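Observations on chain architecture
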Amino acid sequence: MINAIGSSLSILVLHGPNLNLLGLREPSIYGSVTLDEINRLLEEEGKKLQTEIIVLQSNHEGVLVDAIHQARGQHQGILINAAAYTHTSVALRDALAAVALPVVEVHLSNIYRREPFRHHSFIAPVAIGQISGFGSQSYHLGLQALVNHLRTLDKS
Ligand code: DQA
């Protein structure tokens, strides 16, 4: 039992490299929504779900690794768009495995419809699941899935 049903949860949202440029960056792929707008959307959804949302964006792998380590005992789950590190980072994968918190992986674009190097995720095997291809809605759906998973765990 992690939390009583209906009690507040805390979720760490991690955004990887270049996501600070959302809105400007390749809008035909990633859309025109900015990272601030995505974070506001998550915060609003978090309120509805009685869930605290703590957000970090970094372009540095080690900063993301440190944040994952610090999530232990502070958050009940991690929602992550590791961006390019999805396809390269054994360090992020190992950090997520080490802390053993429930993880949901999200991507704005459908990584499986893109270049072959994006088809492999180091994060997927340590995540509960992955949501890819729904633009900013991927985050929204990912947060709902993660909170639903945590609340279901409460009941078992
Ligand atoms: C991304 C997909 C990655 O392949 C890419 O490197 C990103 C963003 C997405 O959200 O669609 O930076 O994670």
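Residues numbered from 1 in each chain as written. Predicted model: local features only at pLDDT ≥ 70, side-chain atom pairs only at ≥ 80, totals over all residues. Heavy atoms only, no water.

**Points about the UniProt feature "site: Transition state stabilizer" (unreviewed entry) in the protein**
Going by this rule: UniProt positions are given in the numbering used here, feature names are shortened, and annotations may be inferred rather than shown by experiment. Secondary structure elements follow DSSP: runs of H or I of four or more residues count as helices, runs of E of two or more count as strands, with numbering from the N terminus.
Feature annotation in UniProt assigns "site: Transition state stabilizer" (unreviewed entry) to the following positions: R25. Looking at where R25 falls in the secondary structure, it is placed in the loop between β1 (9-15) and α1 (27-30).

**Some details on empty space enclosed by the protein**
Rule in force here: The distinction between a cavity and a pocket rests on a 1 Å grid over the protein atoms alone: a 1.4 Å probe fits inside a cavity but cannot get out, while a pocket stays open yet meets protein on both sides within 12 Å along at least five of seven lines, and a residue with an atom within 4 Å of a point counts as lining. Grid points are joined across faces, edges and corners, and a volume is the space filled by probe spheres set on the points. Gly is placed with the polar residues, together with every amino acid not listed as nonpolar (Ala, Val, Leu, Ile, Met, Phe, Trp, Tyr, Cys and Pro) or charged (Asp, Glu, Lys and Arg).
Applying the stated criterion to the full structure yields one cavity of 30 Å³ or more. For the largest cavity, the calculated volume is near 130 Å³. What lines the largest cavity is a set of 13 residues, among which Y30, A83, H107, S109 and R114 lie closest to the centre. Split by residue class, the lining of the largest cavity holds six nonpolar, four polar and three charged.

**Some thoughts on the pattern of salt bridges**
For the record, the criterion: For this analysis, a salt bridge means a side-chain nitrogen from Lys or Arg found within 4 Å of a carboxyl oxygen belonging to Asp or Glu. Each residue is assigned to one of three classes by its accessible area relative to the maximum for its type, calculated with a 1.4 Å probe on protein chains only: buried under 20%, partly exposed between the two thresholds, exposed over 50%.
Inspection of the entire model under this criterion finds four salt bridges. In this structure, D94 engages R93 in a salt bridge whose closest nitrogen and oxygen atoms are separated by 3.2 Å. Here E115 ties to R118 by a salt bridge, and the two come within 2.7 Å at their closest N and O atoms. Judged by relative accessible area, E115 falls into the partly exposed class, the value being 32%. Among the charged side chains, a salt-bridge network with shared partners connects R114, E115 and R118.

**So, the site of the ligand**
The criterion, for reference: The rule for a residue being near a molecule or strand is that one of its heavy atoms must lie within 4 Å of it. Any N or O atom pair separated by 3.5 Å or less is treated as a polar contact, with the protein-specific requirement of one donor-capable and one acceptor-capable atom, and with residues adjacent in sequence counted only for side-chain atom pairs. We get accessible surface area from the Shrake-Rupley algorithm with a probe of 1.4 Å; when it comes to residues, only the shown protein chains can shield them. Throughout, a molecule is located in a cavity or pocket provided that more than half of its atoms lie within 2 Å of its grid points.
All residues adjacent to the ligand are R25, Y30, N81, A83, A84, H87, H107, L108, S109, I111, R114 and R118. Contacts to the ligand include H107, whose side-chain N or O atom sits 2.8 Å from an oxygen atom. At 2.5 Å from an oxygen atom of the ligand is found a side-chain nitrogen or oxygen belonging to S109. Contact with the protein chains covers 99% of the free accessible surface of the ligand, which is 320 Å². Structurally, the ligand is housed in the largest cavity.

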